[in-house]
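Breakdown of the fold
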Amino acid sequence: MTSPNAVYKPPSWAPAPHRTPLPPGFASLPDILIVLALLPPPAPLVLALRHWLAFPVILAFAFQPIFLHTTGHPAQDVAVGMGCAMSAVKAFDFLILCVPERDVRRLGESETPKSLWGKIKWGFDLVFNIRGVGWSFGPPNRPPPTSRGRFLQARASRFILSYSTLDMITNCLSDPDGPLLSRPLASQPQMLQLVYGGTALLLAYLILQAGHAAVSLVAVASGLSSPERWPDLFGRWDEFRDLPTFWSRFWHQLMRRIFLAPSNARTWALVWLAWTGRWAMWEYVGSGAATDRALPISVIAVLHSWWGGGVTVTGFPTVSHHILLRGTEVGRWV
């Protein structure tokens, strides 16, 4: 077992400790570039430019905030790194794996807008609305419509309950030697690792619930949005029966499209294997365990781990490449 006093050494490819400050709005640039790449009609030449020019450029801009810049605060660096990783996967999905004008639809529209302004609004709604509310790949199990008054009452109650529970748990976890979840996870006994992991999962649930309830409450109360645009972020606890229902019905669907992107790549791999006649890899690449579970879990690991120090969103240190390997193992086991 790893010594409690062991010092974590980041891998050689980790970002340098001293980096320049992150320019304001720079982390949002990759998503804006994706929108610009989707503006021209999807002619064959345009699709080729998306593949060979736009995608590499966007990928470079997505990783630049991680390796060359810093916000000056570890937690904010985690958020930036997670957002940039999501931008990279979105670019892979919308520019490489599919043709959005052909493969996705906004509900209520039969075709993609033709005007420049309509295409700009369409692109921003597609790229920045990663949960897919109002799109053909939107979240499942949407609740029936409710009145504005009942919506505001329910969201206010949810915010108060989530925030008070979150505050109680964080107070219970306080320790004179420092926050428990900030200690090296690998140095703890296995049972404590499970406890810390479960606590971190609960904290993530409460943080997302409280934030989503607060923002939706303000948006609907101010008249900026309607209740229909704010479906519940999580499913009901009684829908959580096993791991598949946990991911598909209970847990948030904020990154549903992103998690599916690696699995979509399986189709491309199968076509390539069939074309080249390399049948020996067919069974592995085509199996659900290798793609539908292992690859999405690996994507989850990348999005939730800090590339340099290995600090996750929930607070306890991990090692990114170790998490990737474990993610693959868990995916095969599932």
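This write-up is about the structure you can find in this document. (Residues numbered from 1 in each chain as written. Predicted model: local features only at pLDDT ≥ 70, side-chain atom pairs only at ≥ 80, totals over all residues. Heavy atoms only, no water.)

1. Some remarks on the packing of aromatic side chains
Quick reminder of the rule: Note on aromatic contacts: the rings of Phe and Tyr and the six-membered ring of Trp form a pair at centre separations within 6.5 Å, being stacked when their planes are under 30 degrees apart, edge-to-face when over 60 apart, and tilted otherwise. Only runs of H or I of at least four residues qualify as helices and only runs of E of at least two qualify as strands under DSSP, and these elements are numbered from the N terminus. Accessibility here uses a 1.4 Å probe with only protein chains present; expressed as a share of the type maximum, an area under 20% marks a residue as buried, one over 50% as exposed, and anything in between as partly exposed.
Evaluated as defined, the whole model comprises 18 aromatic pairs. Arranged with centres 5.8 Å apart and planes meeting at 25°, the rings of F159 and Y163 form a pair that is stacked. With a gap of four residues between them, F159 and Y163 both fall in helix α6 (residues 148-172), about one helical turn apart. The exposure class assigned to F159 is partly exposed, which follows from its relative accessible area of 29%.

2. Looking at a nonpolar patch on the surface
How we decide: For patches, a residue must show more than 30% relative accessible area and have no salt bridge; joins then use 9 Å for like charges and 5 Å for nonpolar side chains, namely Val, Leu, Ile, Met, Phe, Trp and Tyr. In short, Shrake-Rupley with a 1.4 Å probe defines the accessible areas, and a residue's cover is counted only from the protein chains shown. In what follows, salt bridge is the name for a side-chain nitrogen of Lys or Arg lying within 4 Å of a carboxyl oxygen of Asp or Glu.
Judged by side-chain polarity, I32, L36, F124 and F128 come together as a nonpolar surface patch covering roughly 340 Å² of accessible area. Listed by contribution, the elements that provide at least two residues to the nonpolar patch are α1 (29-37) and α5 (116-128). Here F128 is to be found in helix α5.

3. Here we look at the side chain of E101
As a reminder, the rule being used: Only heavy atoms matter for contacts: two residues are in contact if any of them lie within 4.5 Å across the pair.
Along the polypeptide, E101 turns up in helix α4 (residues 100-103). Taking relative accessible area as the criterion, E101 reaches 9% and is therefore assigned buried. For E101, the residues in contact, after removing those within four places along its chain, are L38, P40, P42, R50, T112, K119 and W122.

4. Here we look at the pattern of salt bridges
One pass over the full model with this rule turns up nine salt bridges. Here E101 and K119 are joined by a salt bridge, their closest N and O atoms 3.3 Å apart. Of the two residues, E101 is situated in helix α4 and K119 in helix α5; the sequence distance between them amounts to 18 residues. You can call K119 buried: its relative accessible area is 6%. One network of salt bridges, in which partners are shared, links R50, E101 and K119.

5. Considering the packing of α1 against helix α2 (residues 44-67)
Inclusion rule: Axis definition: a line fitted to C-alpha atoms, over the contacting stretch in the case of helices. Angles run 0 to 180 degrees between N-to-C directions. Relative orientations are named as follows: roughly parallel for angles under 35 degrees, roughly antiparallel for angles over 145 degrees, roughly perpendicular for angles from 65 to 115 degrees, and oblique for any other angle. By convention, the crossing between two helices is left-handed when the near helix turns anticlockwise from the far helix through less than a right angle, and right-handed when the turn is clockwise.
The interhelical angle for the contact between α1 and α2, taken along N-to-C directions, is 165°, at an axis separation of 8 Å. On the basis of the axis angle, α1 is roughly antiparallel to α2. Crossing hand, α1 versus α2: right-handed. Listed contacts from α2 to L29, P30, L33, I34 and A37 of α1 are R50, A54, I58, F61 and A62.

6. Some remarks on helix α8 (residues 243-250)
This is how it is decided: Here the arc refers to the set of directions running from the helix axis out to each C-beta atom.
Looking at α8, one finds that the buried residues are T245, F246 and F250. Summarising the axial view, the buried residues of α8 lie within an arc of 105°, below the 170-degree limit, and thus occupy one face. Against α7 (190-221) lie the buried residues of α8.

7. Points about the environment of L201
For L201, the position within the fold is in helix α7. Those residues within four positions of L201 in sequence are excluded, and the remaining contacts are F246 and W251.

8. What about the packing of α6 against α7?
Using the following cut-off: When residues are grouped by polarity, Ala, Val, Leu, Ile, Met, Phe, Trp, Tyr, Cys and Pro land in nonpolar, Asp, Glu, Lys and Arg in charged, and all others, Gly among them, in polar.
Axis separation between α6 and α7 bottoms out at 8 Å; the angle between their running directions is 145°. For the pair α6 and α7, the sense of crossing is left-handed. Counted by class, the contact of α6 with α7 contains 17 nonpolar, seven polar and three charged residues.

9. Focus on the nonpolar core
The nonpolar side chains of a soluble globular protein tend to be buried, and buried together. Definition in use: The term nonpolar core refers to a set of buried residues drawn from Ala, Val, Leu, Ile, Met, Phe, Trp, Tyr and Cys, joined through side-chain atoms within 4.5 Å.
Ranked by size, the top nonpolar core spans 18 residues in total, and within it I34, L38, A91, L95, L126 and W135 carry the most contacts. Looking at this core, the elements that each hand over two or more residues are α1, α2, α3 (74-97) and α5. With four residues, α3 is the largest single contributor of residues to this core. When neighbours within four sequence positions are excluded, A91 is seen to be in contact with I34, F55, I58 and I96.

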